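Each chain, letter by letter, is given below.
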Amino acid sequence: MRDEVDDLVEAWARERTDLDLAPVEVFSRISRLARHLDLARRAAFTAHGIESWEFDVLAALRRAGKPYELSPGRLLRETLVTSGTMTNRVDRLAARGFVERLPDPRDRRGVLVRLTPEGRAAVDGAFTALVEAEAALIADLPARDRDRLAGLLRTLLAPFSSVEDL
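Nothing here was measured: the structure is a model prediction, and the numbers come from that model.

Caption draft 1: Layout of the sheet that holds strand S3 (residues 107-115). With antiparallel pairing, the three strands of this open sheet are ordered in space as S1-S3-S2. Looking at which strands have only one partner, the edges of the open sheet turn out to be strand S1 (69-70) and strand S2 (99-104). By the bridge criterion, six bridges tie S2 to S3 in an arrangement that is antiparallel. Bridging from a neighbouring strand, leucine 102 pairs with leucine 112 of S3. Contacts between helix H5 (residues 83-95) and the sheet are confined to S2 and S3, with S2 contributing the most and set at about 115° to the helix.

So, in structure tokens, the structure goes:
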């Protein structure tokens, strides 16, 4: 089985015999897969009336478990955006009825952001569609190969997984 990366690597190998092109074979494929995944994500989210940034915030709240609420500071850490950006995002999600702000019972000056039933329905629908789209992308891989690929990608990603590095 050949793909466009094979052609690309062959062309570079003719022109740059001095280089080991093994990294190009790996990362060119990852880059192309990332584009396909981005398109699948956008389609899944659009079908459920939300944008990628909305999914990020709603998903962080949904993963928190009942009662699906987090402090704004925790949302910042979960989504890796600035406080000004998060304030704007929470405002916009609240205007859509997907989240609500509540007083923090542990801190009289603090607030909590809670997922509403409408927000939960939106994120659950989008996440289901996303998982189905991602499953379609790897459908031709046997389960053992998927597990091996996940492990190999984990190994590649591990050095970058610290929040401070992002």
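Caption draft 2: Here's a closer look at the environment of threonine 128. Relative to the helices and strands, threonine 128 is located in helix H6 (residues 117-137). Look at threonine 128 and you get partly exposed, because its relative accessible area is 43%. There is a polar contact of 3.0 Å between the side chain of threonine 128 and the backbone oxygen of aspartate 124.

Caption draft 3: Focus on the environment of leucine 33. For leucine 33, the location among the structural elements is in helix H2 (residues 22-47). Along the backbone, leucine 33 and leucine 137 are 104 residues apart, and their C-alpha atoms lie at a distance of 8.8 Å.

Caption draft 4: Molecular detail of unusual backbone geometry. The peptide bond linking lysine 66 to proline 67 adopts the cis configuration, its omega dihedral lying at 5°. Secondary-structure assignment places proline 67 in the loop between helix H3 (52-63) and S1. In the Ramachandran plot, tyrosine 68 falls in the positive-phi region, its phi being about 60° despite a non-glycine side chain. Looking at the element boundaries, tyrosine 68 is found in the loop between H3 and S1. Taking the relative accessible area as the measure of exposure, tyrosine 68 reaches 10% and is therefore buried. The backbone of leucine 80 shows a phi angle near 55°, a positive value even though the residue is not glycine. As for its position among the elements, leucine 80 is in the loop between helix H4 (72-79) and H5.

Caption draft 5: A look at the nonpolar core. With 25 residues, the main nonpolar core has Ile50, Phe55, Leu58, Leu61 and Leu75 as its most contacted residues. For this core, the secondary-structure elements that each account for two or more residues are H2, H3, H5, S3 and H6. It is H3 that contributes the most residues to this core, seven residues altogether. The residues contacting leucine 61, other than those within four sequence positions of it, are Tyr68, Glu69, Leu70, Leu75, Val99, Val113 and Leu115.

Caption draft 6: Expanded view of the packing of H3 against H4. Two elements in contact, H3 and H4, have axes whose closest approach is 10 Å; the angle formed by their N-to-C orientations is 115°. Considered as vectors, H3 and H4 are oriented roughly perpendicular to each other. Classified by chirality, the crossing of H4 by H3 is right-handed. Seen from H3, the contacting residues are Asp56, Val57, Ala60, Leu61 and Arg63; seen from H4, they are Leu75, Glu78 and Thr79. Here the contact of H3 with H4 is composed, by residue class, of four nonpolar, one polar and three charged.

Caption draft 7: Focus on the packing of aromatic side chains. In total, this model carries two aromatic pairs according to the counting rule given. On the basis of an interplanar angle of 20° and a centroid distance of 4.4 Å, the ring pair of phenylalanine 45 and phenylalanine 55 is categorised as stacked. With phenylalanine 45 in helix H2 and phenylalanine 55 in helix H3, this pair connects stretches of sequence that are ten residues apart. Measuring from centroid to centroid gives 6.4 Å for phenylalanine 55 and phenylalanine 127, while their planes differ by 20°, and the two rings are stacked. In this pair, phenylalanine 55 sits in helix H3 while phenylalanine 127 sits in helix H6, placing the two residues 72 residues apart along the sequence. Judged by its relative accessible area of 7%, phenylalanine 55 is buried. We classify phenylalanine 127 as partly exposed; its relative accessible area is 47%. Each residue in the set Phe45, Phe55 and Phe127 is aromatic and connected to the rest through ring pairs, giving one cluster.

The rules behind these values
- Residues numbered from 1 in each chain as written.
- Predicted model: local features only at pLDDT ≥ 70, side-chain atom pairs only at ≥ 80, totals over all residues.
- Heavy atoms only, no water.
- Pairing = 2+ DSSP bridges.
- Helix = DSSP H or I, 4+ residues; strand = E, 2+ residues; numbered from the N terminus.
- Contact = heavy atoms within 4.5 Å.
- Axes fitted to C-alpha atoms, helices over the stretch in contact; angles between N-to-C directions.
- Buried < 20%, exposed > 50% of the residue type's maximum accessible area, 1.4 Å probe, protein only.
- Polar contact = N/O pair within 3.5 Å; in protein donor to acceptor, adjacent residues only side chain to side chain.
- Core = buried A, V, L, I, M, F, W, Y, C linked by side-chain atoms within 4.5 Å.
- Parallel < 35°, antiparallel > 145°, perpendicular 65-115°, else oblique.
- Left-handed = near helix turned anticlockwise from the far one by under 90°.
- Nonpolar A, V, L, I, M, F, W, Y, C, P; charged D, E, K, R; others polar.
- Phe/Tyr/Trp six-rings, centres within 6.5 Å; stacked < 30°, edge-to-face > 60°.

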